[in-house]
Amino acid sequence: MSPRRARRKDPFDRGRRGDSASRPPPGPITGFPAGMDRVEEWPDGEWKVRALRGGAADRAYRCPGCDHEVRAGMPHIVSWPNWPGGEEERRHWHTPCWRKRLDRGHGRNRY
């Protein structure tokens, strides 16, 4: 009797055999995965919001809430108005600044 060979399992293998032909080959995800943006309703309007992890932030931005820098590699929020063409008004916020933006008082615009 020969010794048992250790082999790595395919992460998509659920113990069934013969169904690998129906499964698409694994590959890199291109673009931004659908369903990752969410729509938030606030008193100042409807916003599309995307939470970015630190690795996705490749450069520094200026937070409109506190006027400090959102450094590269720092997790943060990207938001824009939920209307056609609103993507051109994207802003990068510190997460706490986004949550507290309605408490900023007079003299500051919404973005």
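Remember, predicted model here, so these are calculated numbers, not experimental data.

What about unusual backbone geometry?
And then number 1: For Asp67, which is not a glycine, the phi torsion comes out positive at approximately 65°.
And then number 2: Inspection of the secondary structure puts Asp67 in the loop between strand S3 (61–62) and strand S4 (69–70).

Overview of the state of the cysteines
And then number 1: Inspection of the entire model under this criterion finds zero disulfides.
And then number 2: A disulfide-free cysteine, Cys63 has its sulfur positioned 3.8 Å from the sulfur of Cys97, the nearest such atom.
And then number 3: Its sulfur unpaired, Cys97 is 3.8 Å from the next cysteine sulfur, which belongs to Cys66.
And then number 4: A relative accessible area of 17% places Cys97 in the buried class.

Comments concerning the nonpolar core
And then number 1: Trp47, Val49, Tyr61, Cys63, Val70, Ile77, Trp93, Cys97 and Trp98 form the largest nonpolar core, which has nine residues in total.
And then number 2: Those elements giving two or more residues to this core turn out to be strand S2 (45–52) and helix H1 (95–99).

What to know about the sheet that holds strand S1 (residues 38–42)
And then number 1: Ordered by their spatial adjacency, four strands build an open sheet running S1-S2-S5-S6, and the pairing between neighbours is antiparallel. Two strands in the sheet have a free side with no partner beyond their single neighbour: S1 and strand S6 (91–93). Shown here is a sheet whose adjacent strand axes are inclined to one another by a mean of 35°, direction ignored.
And then number 2: Summarising the sheet, S2 and strand S5 (residues 76–81) pair through six bridges and their orientation is antiparallel. Each bridged residue has a counterpart across the sheet, and for Trp47 the counterpart in S5 is Pro81.

Brief notes about the environment of Arg104
And then number 1: Along the chain, Arg104 falls in the segment after H1.
And then number 2: The sequence separation of Arg104 and Cys66 amounts to 38 residues, and the corresponding C-alpha distance is 9.1 Å.

Re the environment of Ile77
And then number 1: Mapped onto the elements of the fold, Ile77 is located in strand S5.
And then number 2: Once the C-alpha coordinates of Ile77 and Ala51 are considered, the two residues, 26 residues apart in sequence, prove to be 4.6 Å apart.
And then number 3: In this structure, Ile77 is in contact with Arg38, Val49, Arg50, Ala51, Arg91, His92, Trp93, Thr95 and Trp98, ignoring residues within four places of it in sequence.

A word on the confidence of the model for the protein chain
Interpreting fine coordinate detail is not advised for predicted regions of low pLDDT.
And then number 1: Chain-level statistics for the protein chain give a pLDDT mean of 76 and a share of 62% at 70 or above.
And then number 2: Note that pLDDT drops below 50 for residues 27–35; the model gives that stretch two contacts with residues more than four away or on any other chain.

Here is what the cut-offs are and how they apply
Residues numbered from 1 in each chain as written. Predicted model: local features only at pLDDT ≥ 70, side-chain atom pairs only at ≥ 80, totals over all residues. Heavy atoms only, no water. Helix = DSSP H or I, 4+ residues; strand = E, 2+ residues; numbered from the N terminus. Disulfide = S-S within 2.5 Å. Buried < 20%, exposed > 50% of the residue type's maximum accessible area, 1.4 Å probe, protein only. Core = buried A, V, L, I, M, F, W, Y, C linked by side-chain atoms within 4.5 Å. Pairing = 2+ DSSP bridges. Axes fitted to C-alpha atoms, helices over the stretch in contact; angles between N-to-C directions. Contact = heavy atoms within 4.5 Å. pLDDT = per-residue confidence, 0-100.

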